[in-house]
Amino acid sequence: MKNLGIGVILVATVLIVIVIVILPHNPVLPEDDNNLDSFQTPLTPELSPDSSGNVVNPLFLNVNAYSKTTAHNQDNGEKKQNPSPESPDINKIMVLFNSYVENLFKNSLIPGAAVVVVYKDQIVYTKTLGVKKVGESDPIHADTLFQIGSCTKAFTATAIGSLVDDSLMTWDDTAQLYFPDPDEFTLQDPVATPQANMKDLLSHRTGMYENAGNEHIMDFSYDFMETLYRMRFIESQNVFRAKFAYNNIMFSLAGHSAARASSTTWSQLIKENILQPLKMDSSVTTYQEYVNSPNHSGTHVIVDGVVYYVDPNNLDGMAPAGSLSCSIKDMGNWLRFQLNEGIFNGQQIVSSQSMAETHMPLIFIESEPNTELWYALGWGVMYTQGQKFILHAGSTRLSTTQVRLLPSEDLGVVVMANEGLEGGKFCELIAHELMSIYLKNQPDDPSTIPGEDMGEFQPESTTAQLPTTVPLPYPIDNYVGTYYSDYYGNIKFEKVNASNLNLYAGNNPDPCPVTHLNGNIFVDVYHQKNITFSNFENNIPQEVHTDRWDVNGGNGTFNRV
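Please read these numbers as outputs of a predicted model, since none were measured by experiment.

Draft legend 1. Up close: the packing of aromatic side chains. In total, this model carries 24 aromatic pairs according to the counting rule given. Where tryptophan 549 meets phenylalanine 558, the ring centres are 6.1 Å apart and the plane angle is 65°; that geometry is what we call edge-to-face. Each member of the pair tryptophan 549 and phenylalanine 558 is classed as buried. Put simply, the rings of Tyr474, Tyr479, Tyr483, Phe493, Phe522, Phe533 and Phe536 pair up and form one aromatic cluster. Above the face of the phenylalanine 251 ring, lysine 153 is positioned so that its terminal group lies 5.5 Å from the ring centre.

Take a look at the structure:
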């Protein structure tokens, strides 16, 4: 059982999407994740120890064992594969569930949240809680927009399914078919470049380094095309199609390929093929539409028991992988559509064949006793103890969403919170509890689920050193200048005073304060990462290494221009 806990924790580490980008007018926050600069989205519930110390999953108890050797071969027509022996009393379940939701929210510091449950093509529960922004009184409404992060991925895959229905694309179309110019799209892998197709891109099996390119969007403010171009300067992490590795840029490439196939933009494609037919009238596809809406929820982070408002992240550079903003009312329609094999209000919006394709597991992620996790097309697929769950999480690190489907029971839930750290745990617990109550027809034993203290993230080992008394060896002006990396582009250091610099990355107009630690080592104040200058010529450094960007396969070394 010890290995089970370790394995699933590793899975939760790999499947992510997000980062805190703190602008100068935001509070300086301590680092609280293994890598706040990596975009990831956990697909699986957290495991917790029971009273005996064993690791248990509170979501799946008292259900029949499932043969993992046949898991991924039984998806065609499996919608009612393991129905409950008798229909549960959904009203009773909702009463129990509502009590759990209210109590968990009341005992949290999360400013605002929203929940919707769909059962047998009916919205049976909608709940809005709290306020849009900390310190203000404007409440969350059913039409309030939340950034849903990586839950956007399923929308992109489904939109491609609609183009497959219209014979405008096939799932086997290569990226190179739509991006034939090598100056736009080239990878170091000579196999992946010509062969990577829509299924490969949508299931994270291109071999590209996990999370590569996130920094380009979040820190350097590059658009998608600039980021895609720079992917040629990084080696592959895995053999093509051999292993799952979560990558937002490769996924986004599928979305932009679909846009070219339909002679439109990704944003317009999603609106016309998905949002409008599903009457998701509040939902928007871009950052600007989100912030311009008078009914959008703010984004927050809780640190040491204090809730901070932080400006929302702009994910337009990886839009097909994470830029949608939706209301809980709209997400109810999305659940109905997903659970009803592409039908909404009696109309077949996307064919059942294409919908089934998006739910078909393609690449293995992790297995443990009685549990197998795969990735499909924009969805995670979990087989555990007799059930198949379709699921995904989305996080901007400042807001979080959980979507979980139990197709055999026509049951689905979406949970959204406008805070990024505790909010993610809150959303997971709510989604877990619904399924647990439904399958057992009773609430979880509190001893089997994480309590109010849901754990702490451990800081990364590459955090900055403590200051010493070693003075700055050279005048601060010697460190000023522009440094370049093929993979990342330019970073520029400007003088602030005798011991401090401002760092500008790529196209990002916002400075990151840098202060001297000791010798030729400085520290990135916002991210608490070391910056080391070296290779001096005439007392001028010709090279600088940034721990912050020595991640996800990228080399954090830049050379003076």
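On we go from here.
Draft legend 2. Representation of the environment of cysteine 326. Mapped onto the fold, cysteine 326 is located in strand β8 (residues 325-326). Residue cysteine 326 is classed as buried on the basis of its relative accessible area of 0%. With 44 residues separating them in the primary sequence, cysteine 326 and serine 282 have C-alpha atoms 6.6 Å apart. What cysteine 326 contacts, discounting residues up to four positions off in sequence, is Thr144, Leu145, Phe146, Ile148, Met280, Ser283, Met331 and Met416.

Draft legend 3. Here's a closer look at the sheet that holds strand β11 (residues 363-368). Taken in spatial order, the 8 strands line up as β4-β3-β16-β15-β14-β13-β12-β11 in an open sheet, and their pairing is antiparallel. Pairing within the sheet leaves two strands with one partner each, and these edge strands are β4 (122-130) and β11. Strand-to-strand twist of the sheet, defined as the mean angle between neighbouring strand axes without regard to direction, takes the value 15°. Strand direction decides the pairing type here: strand β3 (residues 112-119) and strand β16 (residues 411-417), joined by 7 bridges, are antiparallel. Residue pairing for β16: tyrosine 119 is matched across the bridge by leucine 411. Contacting β3, β4, β15 (400-406) and β16, helix α13 (residues 328-339) runs over the sheet at an angle of about 30° to β3.

Draft legend 4. Highlighting the pattern of salt bridges. One pass over the full model with this rule turns up 14 salt bridges. Where arginine 548 meets aspartate 219, a salt bridge forms, and the shortest distance between an N and an O atom there is 3.0 Å. In this pair, arginine 548 is assigned in the loop between β23 (540-546) and β24 (557-560) and aspartate 219 in the loop between α7 (214-218) and α8 (224-230), connecting sequence segments 329 residues apart. Glutamate 226 is the partner of arginine 230 in a salt bridge, and the nearest nitrogen-oxygen pair spans 2.8 Å.

Procedures and definitions
- Residues numbered from 1 in each chain as written.
- Predicted model: local features only at pLDDT ≥ 70, side-chain atom pairs only at ≥ 80, totals over all residues.
- Heavy atoms only, no water.
- Phe/Tyr/Trp six-rings, centres within 6.5 Å; stacked < 30°, edge-to-face > 60°.
- Buried < 20%, exposed > 50% of the residue type's maximum accessible area, 1.4 Å probe, protein only.
- Lys NZ or Arg CZ within 6 Å of the ring centre and 35° of its normal.
- Helix = DSSP H or I, 4+ residues; strand = E, 2+ residues; numbered from the N terminus.
- Contact = heavy atoms within 4.5 Å.
- Pairing = 2+ DSSP bridges.
- Axes fitted to C-alpha atoms, helices over the stretch in contact; angles between N-to-C directions.
- Salt bridge = Lys/Arg side-chain N within 4 Å of Asp/Glu carboxyl O.

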